[in-house]
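Descriptive analysis of the structure
Each chain, written out:
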Amino acid sequence: MANNLPLHIAIIMDGNGRWAKNRRLPRLAGHRAGAEAVKRTIEAAQQVGIKFLTLYAFSTENWSRPQDEIDGLMDLLCKTLDTYTDEAQKKNYRLLISGSREKLSTAVLQRIDRAVQNTMQNTGLTVNLALNYGARQEIVHAVNALIAAGKKEISMEDVSANLYQPQVPEPELIIRTSGEERLSNFLLWQAAYSEFYFTPVLWPDFNAQELQKALNSYAQRTRRFGGI
Ligand code: IPE
Ligand code: IPE
Ligand code: MG
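1. Some remarks on the site of ligand 2
- If you check the shell around ligand 2, you find Ile12, Met13, Asp14, Tyr56, Ala57, Phe58, Asn62, Arg65, Arg176, Arg182 and Ser184 and nothing else.
- One of the side-chain N or O atoms of Arg176 is found 3.3 Å from an oxygen atom in ligand 2.
- Here an oxygen atom of ligand 2 and a side-chain polar atom of Arg182 are 2.8 Å apart.
- When grouped by side-chain class, the residues that make up the shell around ligand 2 number 5 nonpolar, 2 polar and 4 charged.

What follows is the structure, encoded as structure tokens:
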């Protein structure tokens, strides 16, 4: 299946809360199990030869959750980034962040800066963490950058070049777990011609096998880009 392998996979990691609820556990236990699934998925993506993996970790809309859940998520993010940075060095992963820095605590900002800085030279899989990310905000941010640069008229290439991570190609494949079938403000610009794969599997149960199923489905598709 190595031919027809996407260069870039983006994942909407959904269903942590329901996974926990099914086990009568607090939602945070679901997020912790979700962090384990992140580790497994990064390894699996590297194994199969994916070059870019974008993971939707926290949306701009997720600030509307109860404060204790947000605090728990941010704390978990800090802990995960601490261990991730060492792991990334060993395995040659590079970390990028897509999203706004606004509203993130200094503890979180310090860790993401450190992780990005320390893994910048790595040449293996690029993990692009969508954190405090909103696609509409990203497009508006790009347009504002172009206005600030004095542009009077903008092209599609201009917008693409001013997204949060312009070096990351558009994802050929977008996966969403937990049975929900929507974008939830994820990659609106970049998803123009992405293939979608929806699975009822809850994010904490996602693994190499589930990734392979998505890749098998992708490999069978014909992408026409408006042609015939
Ligand atoms: C995804 O799981 C994780 C984040 C959005 C941070 P959810 O927390 O949305 O899980 P459900 O949708 O409530 O099951
Ligand atoms: C999307 O999941 C955001 C992330 C996975 C980080 P949500 O659970 O927040 O999305 P909605 O609210 O169901 O659309
Ligand atoms: Mg959800």
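Following the structure, the description resumes.
2. Some thoughts on unusual backbone geometry
- Of note, the phi angle at Asn92 is positive, near 70°, even though the residue is not glycine.
- With respect to the secondary-structure elements, Asn92 resides in the loop between α3 (67-91) and β3 (94-98).
- The phi torsion at Leu187 lies on the positive side, around 45°, for a residue other than glycine.
- Looking at the element boundaries, Leu187 is found in the loop between β5 (173-176) and β6 (195-198).

3. Some points on helix α7 (residues 208-219)
- Relative to the 16 Å expected for 12 residues at 1.5 Å per residue, α7 spans 16 Å between its end C-alpha atoms, a close match to the ideal helical length.
- Buried-residue contacts for α7 involve β1 (8-12), α2 (27-48), β5 and β6.
- You can read the cap of α7 off the contacts: a side-chain oxygen lies 3.1 Å from the backbone nitrogen of Gln209, and it is on Asn207.

4. Considerations on the pattern of salt bridges
- Evaluation of the coordinates by the stated rule reveals 18 salt bridges.
- Of the charged contacts in the structure, one is a salt bridge between Arg176 and Asp14, with a shortest N-O distance of 2.8 Å. Of this pair, Arg176 sits in strand β5 while Asp14 sits in the loop between β1 and α1 (16-22), and the two are 162 residues apart along the sequence.
- Of the residues examined, Arg176 reaches a relative accessible area of 5% and is grouped as buried.

5. Observations concerning the packing of α2 against α3
- Where α2 meets α3, the closest approach of the two axes is 10 Å, and the angle between their N-to-C directions is 25°. Between α2 and α3, the angle falls in the class roughly parallel. Handedness of the crossing formed by α2 with α3: right-handed. Between α2 and α3, the contacting residues are Arg27, Leu28, His31, Arg32, Ala35, Ile42, Glu43 and Gln46 on the first element and Glu69, Gly72, Leu73, Leu76, Thr80, Tyr84, Glu87 and Lys91 on the second.
- Among the residues forming the contact of α2 with α3, the class breakdown is 6 nonpolar, 4 polar and 6 charged.

Parameters and conventions
Residues numbered from 1 in each chain as written. Chains lettered and ligands numbered in written order. Predicted model: local features only at pLDDT ≥ 70, side-chain atom pairs only at ≥ 80, totals over all residues. Heavy atoms only, no water. Near = heavy atom within 4 Å. Polar contact = N/O pair within 3.5 Å; in protein donor to acceptor, adjacent residues only side chain to side chain. Nonpolar A, V, L, I, M, F, W, Y, C, P; charged D, E, K, R; others polar. Helix = DSSP H or I, 4+ residues; strand = E, 2+ residues; numbered from the N terminus. Expected span 1.5 Å × (residues − 1). Contact = heavy atoms within 4.5 Å. Salt bridge = Lys/Arg side-chain N within 4 Å of Asp/Glu carboxyl O. Buried < 20%, exposed > 50% of the residue type's maximum accessible area, 1.4 Å probe, protein only. Axes fitted to C-alpha atoms, helices over the stretch in contact; angles between N-to-C directions. Parallel < 35°, antiparallel > 145°, perpendicular 65-115°, else oblique. Left-handed = near helix turned anticlockwise from the far one by under 90°.

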